[in-house]
Amino acid sequence: MNHGNIINFISEGYQLKLPKGRPTMIEEPEDLNIDEVREAMKVNQVLLAFAWTSGEEKKMLSLFPELITFDVTEKTNKEKRGLFLAVGLDGMGKIFIPMHCFMPNSQMTSFHWVYKHAIPNLWGDEILKRVEVVITDGEHALYAPLDNLSKTTLSKWSGVSVQRCSFHLFTQEWMSIPRNHLSDEARKHLDFLKRWIDSWITNIDKEYQFLDSLQKFYDHIKSDHVTKMFSKTRNTANMTVLGIVMKLVKNMEMSSTKWAKCYKTSAMDLEQTTSSIGESANGSLKNFDNGKLASKTIATSAGSQILHSNHLNKKRDDSLAKDMNTTAGNQFMEQQDLLLKFGQELAFGLEKRKDQYIVIDVK
């Protein structure tokens, strides 16, 4: 499948059902408008959802399927539809986007259609069963349908570890804690508490150690010394800073199996704890088009996204070629150095032993 081709699905009615039959190939989608897309797909109803991947993107996914992030970004088309992106990470730490989908809305039923129908049909069973970890930002409508499918035995997502992005779950909330009226001592202690919580996300890999650390954390912030340190500070909601910390950690504890390192040791998450590669893809896509995606139709926006994917693939190929040339150059220099040293040692040995040789001139 060439870069300019897309496999796509258009839903029928408001039940978000896929059209019957195999996916249809549309040549050069950037040259089509919405009416032509509908005609090509033999669907005359309102376009509700439109999902695609390219051959190169699917090839990259087949090579690196273990970790995927899911996210929705805005301002990519003039119909103001959210754009669902699946983003992966290759062996060189470069992103690729094996799934694009214009969403009809941000309801759970829409995301359920993406997970149950669009992705399995686009990626296929062989790739899907090799996905080990999916990270989302934790928005309920985005997260819950996939989490439910991962717990269903007959689902194609069965057994996949669906994880919460630690930035959205913890770091972002932590940054909103008021600090203006804290003493220097309290501010330093707040930083200490953050490092303590971070250790649950990135360091502690045994459940009993995590649970023990969690209990000690609660005991610590209830201690007289710490309570006195923070007692004079209140935020606009009249909640003490320690109360905010306690509420945040309690909320995190409720979903600890979705973010704590000790519960993720059996899954290949490539040491990723956030959906940052998805955010990186969002930014790269919009910067590539100089911020003009928001004014484009669905079809022209999709065309720009395919060009962006081609751009990412070219950057990956260029980077790989550069690395290979650098490696080849280094190997050549190492061989030259080895030959030079061998020659020097051989010359030195012959010079040292020249008196041992007798040259006989045979007439």
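Residues numbered from 1 in each chain as written. Predicted model: local features only at pLDDT ≥ 70, side-chain atom pairs only at ≥ 80, totals over all residues. Heavy atoms only, no water.

(A) Layout of the overall build of the chain. For the chain, the helix and strand inventory stands at 12 helices and eight strands. For the chain, with 363 residues in total, the buried portion stands at 45%. Expressed as a percentage of contacts within the chain between residues at least 6 apart in sequence, the contacts between residues at least 24 apart total 69%. (Helix = DSSP H or I, 4+ residues; strand = E, 2+ residues; numbered from the N terminus. Buried < 20%, exposed > 50% of the residue type's maximum accessible area, 1.4 Å probe, protein only. Contact = heavy atoms within 4.5 Å.)

(B) Layout of the confidence of the model for the chain. In the predicted model, the chain carries a mean pLDDT of 80, and the fraction of residues at 70 or more is 73%. Between the elements of the chain, mean pLDDT differs from a low of 44, seen in strand β1 (residues 6-10), to a high of 96, seen in helix α8 (residues 207-222). Segment residues 1-21 is flagged for pLDDT under 50; beyond a separation of four residues in sequence, or across chains, it makes 80 contacts in the model. Contacts of residues 357-363 to residues separated by more than four positions or lying in other chains number zero contacts, the stretch itself having pLDDT below 50. (pLDDT = per-residue confidence, 0-100.)

(C) Layout of the side chain of S275. Among the secondary structure elements, S275 is positioned in the loop between α10 (241-254) and α11 (276-288). Setting aside its immediate chain neighbours within four residues, S275 contacts T69, I135, D137, C165 and H168.

(D) Looking closely at the packing of aromatic side chains. Scanning all chains against the criterion turns up 17 aromatic pairs. Taken together, a centroid distance of 5.2 Å and an interplanar angle of 40 degrees make the contact between F50 and W52 tilted. Note on accessibility: F50 and W52 belong to one class, buried. Aromatic side chains F217 and Y218 sit 6.5 Å apart centroid to centroid with 70 degrees between the ring planes, which places their arrangement in the edge-to-face category. Like Y218, F217 is buried. (Phe/Tyr/Trp six-rings, centres within 6.5 Å; stacked < 30°, edge-to-face > 60°.)

(E) The environment of F230, seen in detail. Following the sequence through the fold, F230 ends up in helix α9 (residues 224-230). For the pair formed by F230 and H189, sequence separation is 41 residues and the distance between their alpha carbons is 9.6 Å. Those residues in contact with F230 that lie beyond four places of it in its chain are L182, A186, H189, L190, V241 and L242.

(F) The packing of helix α3 (residues 108-123) against helix α5 (residues 140-150), seen in detail. Where α3 meets α5, the axes come as close as 8 Å, and the angle between the chain directions of the two elements is 45 degrees. Taken as axis vectors, α3 and α5 run oblique relative to one another. Crossing of α3 over α5 shows right-handed handedness. Facing M108, F111, H112, Y115 and K116 of α3, the residues of α5 in contact are H140, A141, L142, A144, P145, L146 and L149. (Axes fitted to C-alpha atoms, helices over the stretch in contact; angles between N-to-C directions. Parallel < 35°, antiparallel > 145°, perpendicular 65-115°, else oblique. Left-handed = near helix turned anticlockwise from the far one by under 90°.)

(G) Representation of unusual backbone geometry within the structure. Despite not being glycine, K80 shows a phi value in the positive range, around 60 degrees. For K80, the position within the fold is in the loop between β4 (67-73) and β5 (83-89). Positive phi values are uncommon outside glycine, yet E271 reaches one of about 60 degrees. Within the fold, E271 resides in the loop between α10 and α11. On the basis of relative accessible area, E271 is assigned to the exposed category, the value being 62%.

(H) Up close: α10. Over its 14 residues, α10 runs 20 Å from end to end, which matches the ideal 20 Å to within 8%, given 1.5 Å per residue. Within α10, the full set of buried residues consists of V241, L242, I244, V245, M246, L248, V249 and M252. For α10, the secondary structure elements touched by its buried residues are α6 (166-175), α7 (184-202), α8 and α9. (Expected span 1.5 Å × (residues − 1).)

(I) Representation of α11 within the structure. Taking 1.5 Å per residue as the helical rise, α11 with its 13 residues ought to reach 18 Å, and the 18 Å between its terminal C-alpha atoms agrees with that figure. Within α11 the residues assigned to the buried category are I277, G278, A281, N282 and L285. Across the axial projection of α11, the buried residues extend over an arc of 150 degrees, all falling on one side. Looking one or two residues beyond α11, the residue adopting positive phi is N290, at roughly 55 degrees. (Arc of directions from axis to C-beta.)

(J) Molecular detail of the pattern of salt bridges. Applying the stated criterion to the full structure yields 12 salt bridges. Between R81 and E79 there is a salt bridge; the shortest N-O distance is 2.8 Å. Residues joined by salt bridges that share partners form a network here, namely D147, K151 and K258. (Salt bridge = Lys/Arg side-chain N within 4 Å of Asp/Glu carboxyl O.)

(K) The environment of K250, seen in detail. Residue position: K250 is located in helix α10. The class for K250 is partly exposed, based on a relative accessible area of 41%. Sequence spacing of K250 and Y218 is 32 residues, and the spatial spacing of their C-alpha atoms is 9.6 Å.

(L) The pairing of strand β6 (residues 95-102), seen in detail. For β6, the tally of buried residues reaches eight of eight residues, placing the bulk of the element in the interior. As paired strands, strand β3 (residues 50-53) and β6 are joined by three bridges and run antiparallel to one another. Across the sheet, residue W52 finds its bridge partner in β6, namely H100. One ladder, built from six bridges, connects β5 with β6; its direction is antiparallel. By the bridge assignment, A86 is partnered in β6 with M99. Hairpin connection of β5 to β6: five residues between the antiparallel strands, including G93 at a positive phi of 80 degrees. (Pairing = 2+ DSSP bridges.)

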